[in-house]
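Secondary and tertiary structure notes
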Amino acid sequence: MLDKDDIHRRIETPDMKDYGVYLAVDRLLQCQKPLATLCTPDELQFQIVHQVEELWMKLIAFTLAEIDGHMAAGETMRVLSLFDRVNRIMRLMTSQLSLLETMSPFDYQSIRLELGNGSGQESPGFQLLLTLPQPLWARYKTAYLDPAGRTVADVYDTGYSHDEAYMVAEALVEFDEQFQIFRAVHIYLIHRSIGMGSKSLKGRPVELLNAGARHRFFPELWDIRAEMTDRWGAEYGVKRDSISSGAAGHGSGL
């Protein structure tokens, strides 16, 4: 049988060797509430998941700053590999939210009382990330479009060549998409935890989160797709013959 008191003691007073010292594990494990003061056992999970999210967002922000510098230097391969890193992190962030679905709405209410007037919308990492796409987009245009006098339409349609400008634009789109997926999954988590008809801790309807989920960091990269589709569609008409009727006619002629 496990001795819970002994396990708690060993968690909170780890045996520190070089590896633990390098990672500052003792300080890291002190970033959660003392185990004896948890309002519910689920509170430890709640704190750890959100603290890990902050660490991932720290790494994303740091990496986006590196990407900006590599775009300015024209180092496209490094830009692409770092965007791959960022987008993998975003998938990890989204995936780990599912851990919180193991917590019942009843247990979450105890944790919610510990938050004061706090809300996930106040996340320092989240708020920082919201400020980075606009200057990153300006850097992309300065590095990949303006010197050659190109537009987004040139990259995707009229001057399409699957070149560096296209690849970096698609990396930007991927980041945008993964970020919005993260937001959407978070909204479904709220559905499961407190319901979308409830009020936030600041008294605002949590439906306001839906507006954020519809936001796009790089609207020009999304709008061009609709513009191209409409333009291409106009070339062969809005209504076309059904391929099923054509296939039937072809078959009857055999």
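The structure reproduced in this document is the subject of the present report. Fair warning: this is a prediction, and the values are worked out from it, not measured in the lab. (Residues numbered from 1 in each chain as written. Predicted model: local features only at pLDDT ≥ 70, side-chain atom pairs only at ≥ 80, totals over all residues. Heavy atoms only, no water.)

Quick word on helix α8 (residues 133–145)
Across its 13 residues, α8 extends 17 Å between first and last C-alpha, which sits within 8% of the 18 Å expected from 1.5 Å per residue. Here α8 has its buried residues at P133, L136, W137, Y140, Y144 and L145. Seen from one end, α8 has its buried residues packed into an arc of 115°, which puts them on one side. (Helix = DSSP H or I, 4+ residues; strand = E, 2+ residues; numbered from the N terminus. Expected span 1.5 Å × (residues − 1). Buried < 20%, exposed > 50% of the residue type's maximum accessible area, 1.4 Å probe, protein only. Arc of directions from axis to C-beta.)

What to know about helix α5 (residues 76–96)
Helix length check: α5, at 21 residues, gives a terminal C-alpha distance of 30 Å against a target of 30 Å (1.5 Å per residue), a fit within 8%. Along α5, the residues that are buried comprise T76, V79, L82, F83, V86, N87, I89, M90, M93, T94 and Q96. Residues of α5 that are buried sit in contact with α4 (42–72), α8 and α10 (164–193). (Contact = heavy atoms within 4.5 Å.)

Comments concerning unusual backbone geometry
Of note in the backbone geometry, A24 takes a positive phi value of approximately 50° without being a glycine. We note that H162 has phi near 55°; this positive angle belongs to a residue other than glycine. Here H162 is to be found in the loop between α9 (152–158) and α10.

Considerations on the packing of α8 against α10
Closest axis-to-axis distance for the α8/α10 pair is 11 Å, and the angle between their directions is 170°. Between α8 and α10, the crossing angle belongs to the class labelled roughly antiparallel. On the side of α8, the interface is formed by P133, L136, W137, Y140 and Y144, while α10 contributes E164, A165, V168, A169, L172 and F175. (Axes fitted to C-alpha atoms, helices over the stretch in contact; angles between N-to-C directions. Parallel < 35°, antiparallel > 145°, perpendicular 65-115°, else oblique.)

Examining a nonpolar patch on the surface
A cluster of nonpolar side chains, namely Y19, Y22 and L23, defines an oily patch on the protein surface of about 440 Å² accessible area. By secondary structure assignment, the location of Y19 is in helix α2 (residues 18–22). (Patch = residues over 30% accessible without salt bridge, like charges linked within 9 Å, V, L, I, M, F, W, Y side chains within 5 Å. Areas by Shrake-Rupley, 256 points an atom, 1.4 Å probe, with all protein chains shown as cover. Salt bridge = Lys/Arg side-chain N within 4 Å of Asp/Glu carboxyl O.)

Brief notes about the nonpolar core
Counting 46 residues, the largest nonpolar core has Y140, Y156 and F175 as its most contacted members. Broken down by secondary-structure element, the contributors of at least two residues to this core are α4, α5, α6 (105–112), α7 (124–130), α8, α9, α10 and α12 (219–236). With sequence-adjacent residues up to four places away left out, F175 is seen in contact with I60, L64, F83, V86, N87, M90, P133, F217 and F218. (Core = buried A, V, L, I, M, F, W, Y, C linked by side-chain atoms within 4.5 Å.)

What about the packing of aromatic side chains?
The full count for this structure, using the stated rule, is twelve aromatic pairs. Judged by centre distance (6.0 Å) and plane angle (40°), the rings of W137 and F218 are tilted. Placement of the pair is W137 in helix α8 and F218 in the loop between α11 (209–213) and α12, with a sequence separation of 81 residues. Taking the relative accessible area as the measure of exposure, F218 reaches 1% and is therefore buried. Aromatic side chains F179 and F217 sit 4.9 Å apart centroid to centroid with 55° between the ring planes, which places their arrangement in the tilted category. Of this pair, F179 sits in helix α10 while F217 sits in the loop between α11 and α12, placing them 38 residues apart in sequence. Take F179: its relative accessible area is 1%, and that puts it in the buried class. (Phe/Tyr/Trp six-rings, centres within 6.5 Å; stacked < 30°, edge-to-face > 60°.)

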